Amino acid sequence: MTAANVAEPAVSAGREPVLAVRDLVKHFPVRSRGLIRRRVGDVHAVCGVSFDLFGNETLGLVGESGCGKTTTGRLLLNLIKATSGEVRYDGRNLVDLSPSQMRPLRRDLQIVFQDPFASLDPRMTINEIVAEPLQIHGLYGSRTQGRDKVRELLRMVGLNPEHGNRYAHEFSGGQRQRIGIARALALRPKALVLDEPVSALDVSIQAGVINLLEDLQDELGLSYLFISHDLSVVRHIADRVAVMYLGRIVEIAEKEQLFTKAAHPYTQALISAIPLPDPRKERSRQRITLTGDVPSPVDPPSGCRFRSRCPKFANELTDAERQKCVDEVPALIDRGQGHASACHYAEALKLV
Amino acid sequence: MTAEINIQSGRKAGDGAAVLEVENLTVEFPTEDGVVQAVRGVSYRLAPGEAMGIVGESGSGKSVTSMAIMGLLPKTARISGSVRFRGEELLGRSENEYAAVRGKKIAMIFQDPLTSLNPVYTVGRQIAEAILAHNDVSKKAAMDRAVELLATVGIPFPEQRANNYPHEMSGGMRQRVVIAIAMANDPDVIIADEPTTALDVTVQAQVLEALEAARAATGAALVLITHDLGVIAGHADRICVMYAGKLVEKGTVDQVFYEPRMPYTLGLLGSLPRLDEGGRERLTPIVGSPPSLMNLPPGCPFTPRCPLAQPVCEEREPDLYATDAPAHLSACHFHEKLVGVSAAQLFRPTSVDTEGVTPRDLEVQQ
Ligand SMILES: Nc1ncnc2c1ncn2[C@@H]1O[C@H](COP(=O)(O)OP(=O)(O)OP(=O)(O)O)[C@@H](O)[C@H]1O
Ligand SMILES: Nc1ncnc2c1ncn2[C@@H]1O[C@H](COP(=O)(O)OP(=O)(O)OP(=O)(O)O)[C@@H](O)[C@H]1O
Ligand SMILES: [Mg+2]
Ligand SMILES: [Mg+2]
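Residues numbered from 1 in each chain as written. Chains lettered and ligands numbered in written order. Predicted model: local features only at pLDDT ≥ 70, side-chain atom pairs only at ≥ 80, totals over all residues. Heavy atoms only, no water.

The secondary structure content of chain A amounts to 12 helices and 12 strands. For 352 residues, the compact-globule estimate of 2.2 N^0.38 gives 20 Å, and chain A sits close to it at 21 Å. Classification of the 352 residues of chain A by burial places 57% in the buried group. Considering only residue pairs separated by 6 or more positions, chain A has 65% of its internal contacts joining residues 24 or more positions apart. (Helix = DSSP H or I, 4+ residues; strand = E, 2+ residues; numbered from the N terminus. Rg over C-alpha atoms; globule rule 2.2 N^0.38 Å. Buried < 20%, exposed > 50% of the residue type's maximum accessible area, 1.4 Å probe, protein only. Contact = heavy atoms within 4.5 Å.)

Here it is in structure tokens:
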């Protein structure tokens, strides 16, 4: 069914990816109400997603609420079981591994969650929170060694190590996000999934956390899968960007390519919808407004999932052209320089 | 308890052509821990049909200002100053007198559309009732008008959609229904408080378009409250920047975005990542955090976070001074020093946790 989407993502000049994702699928069962709770359908949360994450790069994963970003991030670390597909890391397919087989690999692959308020245990001090992964993996060492490691981690994320004995609830959102990052870094991972790491923060605080993530990547050579619905943040921090719509990647490209030559009508609509803090540019911008609502992921449209809201489908195509959108899932095809888009009628547009 | 209201000896009605004049509006909330000075002397004038944006960090007093204008604050609030609609004072009116203005002359749109919609009636009926509340027309005429309004705000198949209950609609559609209700009585002023904050960007674009359609159809002036500077850049003529209960900079959007004259505004702009700029230039966060609105010290409340701060800033709170353009005002003793200065020159592109520190601490660290 999704065969069209399996197309190998364009590999950037023979580099070996740290993580290689192929045709990843996740369906969540939808059950009926009442006692028997029969399975009445599936949420098609992630449907045949393929991409590579290279060493020391930031891949931005963007898309609107419910399109499957978080699910993809969790599948990558095998925190939830994939329905099918592959996540290749270090020669192994993580999807097949049991939790105990995963444990040693967890050191290399870490996640930072969106909500800094929900993801930290309020009864633990900052020192304890950051020390915990070290202790679990037997890396804490002697008490002085362990304490030094924790202090170094706090300093690394820009926090004052003197505050290590305070509890998480005594810190602001931005500070808690730093604590979450310190904890994720404790085991010296190779790759981090950052799930909306700055979305809950006021812009003046957000800026400092973004700077920090950039510094850490330069210092430690980390790879980031940076999940966000904020394209401005992603344009700032990412090297490449993947755009998701209703469980599928519709476009993936090097950042400049994506923002200046967006080829998929959804990417174009998304970029043109972001307000720019620049009155003159705002007055002269071309807007592509979508109609209708995002369809239910339980019963997504056949063929191209975007067609029910696609301005091109509605206004520009002939009936014969439209039929192809209804019948055929558009493949994610590389149209040069690793810029791939999944639209039968892709056409580059400069919108910012 | 009754609202303690102390009306300033207002100027005569019909001052200029303003539809809404807010003068020295002050709101305090007595609480167990002390008095919260939520709004500290806010003044602005809104000309007919103009769109004014209010921007500011969380807790700066944007919503309380609007709720005071609409007479919607809890009775514990101590309100003073003046709010005039077409020259007539609103503060101190009885609930009945306020009801005649609210929804008819001034309409309000909130962040969460569900707070303004009744879950047990269809949206068509709710719009029709808003019309019937202030107009002597038949039910049929009101219902027809409701369908028309749904079409104006861009809802597809308005005849069918009018029969939907709020829960049968998406968040973006509900917000457009609220806009339809707001425009039902051809108001002179629409106050929209974070109308798109909870929405996805493509849906936000639809709702903002609906808001523009509502303005075009009614000729209403707009007060658009948001923390998103991009939304203001595209949908407002003028902007007020709010900090710690005060307006600290006012001007046209071009003046304030291209030549900010208050360090806080410059800092906000410098901390924004830009969709329209490719580079990985460093962002410049504003160090420190906003002050508590209880027991505010004297002086400019931005002082502890301000790279320009001098001893006078701790002593005396600046007025809104006219800058090089007379209608461009800044509450900074040193606004001239910002001429030609970029955020990167004034604020440091630091990555350490800056919420507990001052600009001087950073200098020591470097
Ligand atoms: N445990 C679950 N059970 C059932 N459905 C789920 C579950 N988790 C996610 N979903 C559904 O899968 C789809 C994708 O969800 P996901 O959380 O990955 O989206 P997202 O892109 O991260 O959205 P957001 O921007 O709102 O965080 C949604 O329709 C969601 O409702
Ligand atoms: N009923 C109340 N009693 C006491 N304090 C209040 C009350 N309502 C608001 N405040 C306080 O007044 C201040 C201003 O609040 P307001 O809601 O106007 O902020 P805002 O600028 O709208 O912020 P946001 O962007 O988060 O909506 C805040 O410190 C808030 O805690
Ligand atoms: Mg998510
Ligand atoms: Mg508010």
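Another point: the UniProt feature "domain: ABC transporter" (unreviewed entry) in chain B. UniProt records the feature "domain: ABC transporter" (unreviewed entry) at residues 20–269 of chain B, using the numbering of this structure. Secondary structure content for residues 20–269 of chain B is 39% helix and 27% strand, while the C-alpha to C-alpha distance between its ends is 29 Å. (UniProt positions renumbered as here; feature names shortened; annotations may be inferred.)

Residue and element names in this part refer to chain A. Strands sit in the order β2-β1-β4-β5 across an open sheet of 4 strands; the sheet is antiparallel. Looking at strand neighbours, the two that pair on one side only are β2 (39–54) and β5 (92–93), the edges of this open sheet. Bridge count between strand β1 (residues 17–31) and strand β4 (residues 84–89): 5 bridges; the pairing is antiparallel. Within β4, the residue paired with Val 25 across the bridge is Ser 84. Relative to the sheet, helix α1 (residues 69–76) contacts β1, β2 and β4, its axis offset from that of β2 by approximately 65 degrees. (Pairing = 2+ DSSP bridges. Axes fitted to C-alpha atoms, helices over the stretch in contact; angles between N-to-C directions.)

The next point concerns the sheet that holds strand β6 (residues 109–112) of chain A. Residues and elements named next belong to chain A. With mixed pairing, the 8 strands of this open sheet are ordered in space as β6-β7-β8-β3-β9-β10-β12-β11. The open sheet has two edge strands with one neighbour each: β6 and β11 (333–334). Helix α5 (residues 173–185) contacts β6 and β7 (191–195) of the sheet and is inclined by roughly 170 degrees relative to β6. Contacting β3 (58–62), β7 and β8 (223–228), helix α6 (residues 203–220) crosses the sheet at an angle of about 160 degrees to β8.

Next up on the list: the side chain of Gln 257 of chain A. Looking at where Gln 257 of chain A falls in the secondary structure, it is placed in helix α8 (residues 255–260). Judged by relative accessible area, Gln 257 of chain A falls into the buried class, the value being 12%.

Attention now moves to helix α4 (residues 139–152) of chain B. All names here are of chain B. Between its first and last C-alpha, α4 extends 20 Å over 14 residues, near the 20 Å set by a 1.5 Å rise per residue. Buried within α4 we find Ala 142, Ala 146, Val 147, Leu 149 and Leu 150. Buried residues of α4, seen end-on, are gathered within an arc of 160 degrees and therefore sit on one face of the element. Its buried side turned inward, α4 meets α3 (123–134), α5 (158–161) and α6 (171–183). At the exit of α4 stands Gly 154, carrying a positive phi of roughly 85 degrees. (Expected span 1.5 Å × (residues − 1). Arc of directions from axis to C-beta.)

All names here are of chain B. In this structure, the second largest pocket encloses a volume near 630 Å³. Along the walls of the second largest pocket sit 26 residues, with Leu 269, Gly 270, Arg 274, Glu 277 and Ala 343 positioned nearest its centre. When residues of the lining of the second largest pocket are traced back to their parent elements, those giving at least two are α9 (253–258), α10 (263–270) and α12 (343–346). Examining the composition of the lining of the second largest pocket, we find that 3 residues originate from one element, α10, more than from any other. Of the residues assigned to the lining of the second largest pocket, the class counts are 13 nonpolar, 6 polar and 7 charged. (1 Å grid on protein atoms, 1.4 Å probe; cavity = no way out; pocket = protein on both sides within 12 Å on 5 of 7 lines; lining within 4 Å. Points joined across faces, edges and corners; volume = space filled by probe spheres on them. Nonpolar A, V, L, I, M, F, W, Y, C, P; charged D, E, K, R; others polar.)

Residue and element names in this part refer to chain A. Not every one of the 13 residues close to ligand 1 is listed here, only the nearest: Ser 65, Gly 66, Lys 69, Thr 70 and Thr 71. In this structure, Cys 67 approaches ligand 1 through a main-chain N or O atom, which is 3.3 Å from an oxygen atom. Residue Gly 68 places a main-chain N or O atom 3.0 Å away from an oxygen atom belonging to ligand 1. Computed on the free molecule, ligand 1 has an accessible area of 650 Å², of which 62% lies beneath the protein chains in the complex. Within the residue set of the shell around ligand 1, elements represented by two or more residues are β2 and α1. A per-element tally of the shell around ligand 1 places α1 first, with 3 residues. When the residues that make up the shell around ligand 1 are grouped by side-chain class, the tally is 5 nonpolar, 5 polar and 3 charged. (Near = heavy atom within 4 Å. Polar contact = N/O pair within 3.5 Å; in protein donor to acceptor, adjacent residues only side chain to side chain. Areas by Shrake-Rupley, 256 points an atom, 1.4 Å probe, with all protein chains shown as cover.)

On to the site of ligand 2, then. Residue and element names in this part refer to chain B. Looking at ligand 2, there are 14 residues lining it, with Ser 58, Gly 59, Lys 62, Ser 63 and Val 64 nearest. At a separation of 2.8 Å, an oxygen atom of ligand 2 approaches a polar backbone atom of Gly 59. For ligand 2, an oxygen atom lies 3.0 Å from a polar atom in the backbone of Gly 61. For ligand 2, whose accessible area on its own is 640 Å², the fraction buried by protein is 63%. Breaking the shell around ligand 2 down by element, the ones donating at least two residues are β2 (20–31) and α1 (62–70). If one sorts the elements of the shell around ligand 2 by residue count, α1 sits on top with 3 residues. Class assignment of the residues belonging to the shell around ligand 2 gives a composition of 5 nonpolar, 6 polar and 3 charged.

This part takes up α5 of chain A. Residues and elements named next belong to chain A. Taking 1.5 Å per residue, 13 residues should reach 18 Å; α5 reaches 18 Å between its end C-alpha atoms and fits that length. Counted residue by residue, α5 has 12 buried out of 13 residues, so it is predominantly covered. Against the buried residues of α5 lie β6, α3 (126–136), α4 (143–156), β7 and α6.

Another aspect to go through is the domain arrangement of chain B. All names here are of chain B. One can read the domain layout of chain B as domain 1 (20–236) and domain 2 (259–362). Each of domain 1 and domain 2 has a C-alpha centre, and the two are 31 Å apart. Overall, the association of domain 1 and domain 2 removes approximately 960 Å² of surface from exposure, summing both partners, and the carbon and sulfur fraction of that is 58%. For domain 1, the biggest contributors to the area lost against domain 2 are Arg 40, Glu 57 and Leu 229; these three give 52% of the whole. Taking the shortest distance from any N to any O, the salt bridge between Arg 40 and Glu 317 comes out at 2.9 Å. Run the count over domain 1 and domain 2 and you get 4 residue pairs in polar contact (both at pLDDT 80 or more). The element that contributes the greatest number of residues to the side of domain 1 that touches domain 2 is strand β3 (residues 34–46), accounting for 6 residues. By residue class, the composition of the side of domain 1 that touches domain 2 is 4 nonpolar, 5 polar and 3 charged. (Domains from an automatic or database assignment. Buried area = accessible area lost by both parts, 1.4 Å probe. Salt bridge = Lys/Arg side-chain N within 4 Å of Asp/Glu carboxyl O.)

The backbone of Arg 188 of chain A sits at a positive phi, close to 55 degrees, despite the residue not being glycine. Inspection of the secondary structure puts Arg 188 of chain A in the loop between α5 and β7. In this structure, Ala 244 of chain B takes a positive phi of about 50 degrees despite not being glycine. As for its placement among the helices and strands, Ala 244 of chain B is situated in the loop between β10 (238–243) and β11 (246–252).

Before going further, it helps to spend a moment on the confidence of the model for chain B. All names here are of chain B. Of all residues in chain B, 92% attain a pLDDT of 70 or more, and the chain-wide mean is 90. Throughout residues 1–15 the model reports pLDDT below 50, and contacts reaching past four residues in sequence, or to other chains, amount to 28 contacts. This prediction of the complex comes with two scores: 0.89 for pTM and 0.87 for ipTM. (pLDDT = per-residue confidence, 0-100.)

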